[in-house]
Amino acid sequence: MNTGKKEFMIDAIELSINNIKTGGGPFGAVIVKDGKIIAHGANSVTKSNDPTAHAEVNAIRKAAAHLGTFDLSGCEIYTSCEPCPMCLGAIYWARLDKIYYANTKNDAKNIGFDDSFIYEELEKPLSERKVKAIQMEREKALLAFKMWEENENKIEY
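Described below are features of the structure shown in this document. (Residues numbered from 1 in each chain as written. Predicted model: local features only at pLDDT ≥ 70, side-chain atom pairs only at ≥ 80, totals over all residues. Heavy atoms only, no water.)

1. Examining the pattern of salt bridges
Charged atoms that come close allow side chains of opposite charge to pair.
Now for step 1: Counted according to the given criterion, the structure contains six salt bridges.
Now for step 2: For K5, the salt bridge goes to E76, with nearest N and O atoms at 3.9 Å. One end of the pair, K5, is in helix α1 (residues 3-21); the other, E76, is in strand β3 (residues 75-81), and 71 residues separate them in sequence. (Salt bridge = Lys/Arg side-chain N within 4 Å of Asp/Glu carboxyl O. Helix = DSSP H or I, 4+ residues; strand = E, 2+ residues; numbered from the N terminus.)

Here it is in structure tokens:
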């Protein structure tokens, strides 16, 4: 690991440590483009009452706003912990090139942040999941998909 990468990870770790001191969760992340940090994020779930306000998601939102694009290709994320399923999904949707992480998901599990139930739920058929999923009004909803498919001015993502 070169010095730059190590410094970026240390920044993410310091964010996680400082975030605890201000009432947040023990997670921090930075996004880097062209060798420079363009966004910082810390877990603010309890501060903002937003269950999606994980460090990685917060950093992605700030990076996208900073760059003025939803496509973060060419960027890397440094996060104090291996991303949870939601954050991993956000990282893929944002098209980040690489993930560097410090703590593992097992380290997180050991202090009460256990995401294994989500992975287990995803393997189950919809009918067996804890949160029931009930399909409704598909034919009506398909209109939006048809309109999207035919829209010549759409911005694909």
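2. Points about the packing of aromatic side chains
Now for step 1: In this structure the tally under the stated criterion is five aromatic pairs.
Now for step 2: Centroid distance Y78 to Y100: 4.5 Å. Interplanar angle 10°. Geometry classified as stacked. With Y78 in strand β3 and Y100 in strand β4 (residues 98-103), this pair connects stretches of sequence that are 22 residues apart.
Now for step 3: Residue Y100 is classed as buried on the basis of its relative accessible area, which comes to 14%.
Now for step 4: Taking 6.3 Å as the distance between ring centres and 70° as the angle between the ring planes, the aromatic pair formed by W148 and Y157 counts as edge-to-face.
Now for step 5: Judged by its relative accessible area of 62%, Y157 is exposed.
Now for step 6: Taken together, the aromatic side chains of F8, Y78 and Y100 make up a single cluster linked through ring pairs.
Now for step 7: Between the NZ or CZ atom of K105 and the centre of the ring of Y119, over which it lies, the distance is 4.8 Å. (Phe/Tyr/Trp six-rings, centres within 6.5 Å; stacked < 30°, edge-to-face > 60°. Buried < 20%, exposed > 50% of the residue type's maximum accessible area, 1.4 Å probe, protein only. Lys NZ or Arg CZ within 6 Å of the ring centre and 35° of its normal.)

3. A short note on unusual backbone geometry
Now for step 1: Of note, N49 is a non-glycine position whose phi angle comes to about 55°, a positive value.
Now for step 2: Mapped onto the elements, N49 comes out in the loop between α2 (45-48) and α3 (55-67).
Now for step 3: Overall, N49 belongs to the exposed group, its relative accessible area being 70%.
Now for step 4: For R95, which is not glycine, the phi torsion reads 65° and is therefore positive.
Now for step 5: Note on R95: relative accessible area 32%, which makes it partly exposed.

4. Remarks on the packing of α3 against helix α4 (residues 85-94)
Now for step 1: In contact at an axis separation of 8 Å, α3 and α4 are set at 25° when each is read in the N-to-C sense. Relative to α4, α3 is oriented roughly parallel. In the crossing of α3 with α4, the sense of the turn from one axis to the other is left-handed. For the pair α3 and α4, contact is made by E56, V57 and I60 and by M86, C87, A90, I91 and A94, respectively.
Now for step 2: Of the residues in the contact of α3 with α4, the class split is seven nonpolar, no polar and one charged. (Axes fitted to C-alpha atoms, helices over the stretch in contact; angles between N-to-C directions. Parallel < 35°, antiparallel > 145°, perpendicular 65-115°, else oblique. Left-handed = near helix turned anticlockwise from the far one by under 90°. Contact = heavy atoms within 4.5 Å. Nonpolar A, V, L, I, M, F, W, Y, C, P; charged D, E, K, R; others polar.)

5. Concerning the sheet that holds β4
Now for step 1: A sheet is described by the order of its strands in space; here four strands give the open sequence β2-β1-β3-β4, paired in mixed fashion. Edge positions in the sheet fall to β2 (36-42) and β4, since each has one partner strand and no second. Strand-to-strand twist across the sheet, computed as the mean angle between neighbouring axes with direction ignored, equals 15°.
Now for step 2: Note: strand β1 (residues 28-33) against β3, five bridges, orientation antiparallel. In the strand pairing of β3, A29 is matched with T79. (Pairing = 2+ DSSP bridges.)

The quantities given are spatial measurements derived from coordinates; they are silent on function.
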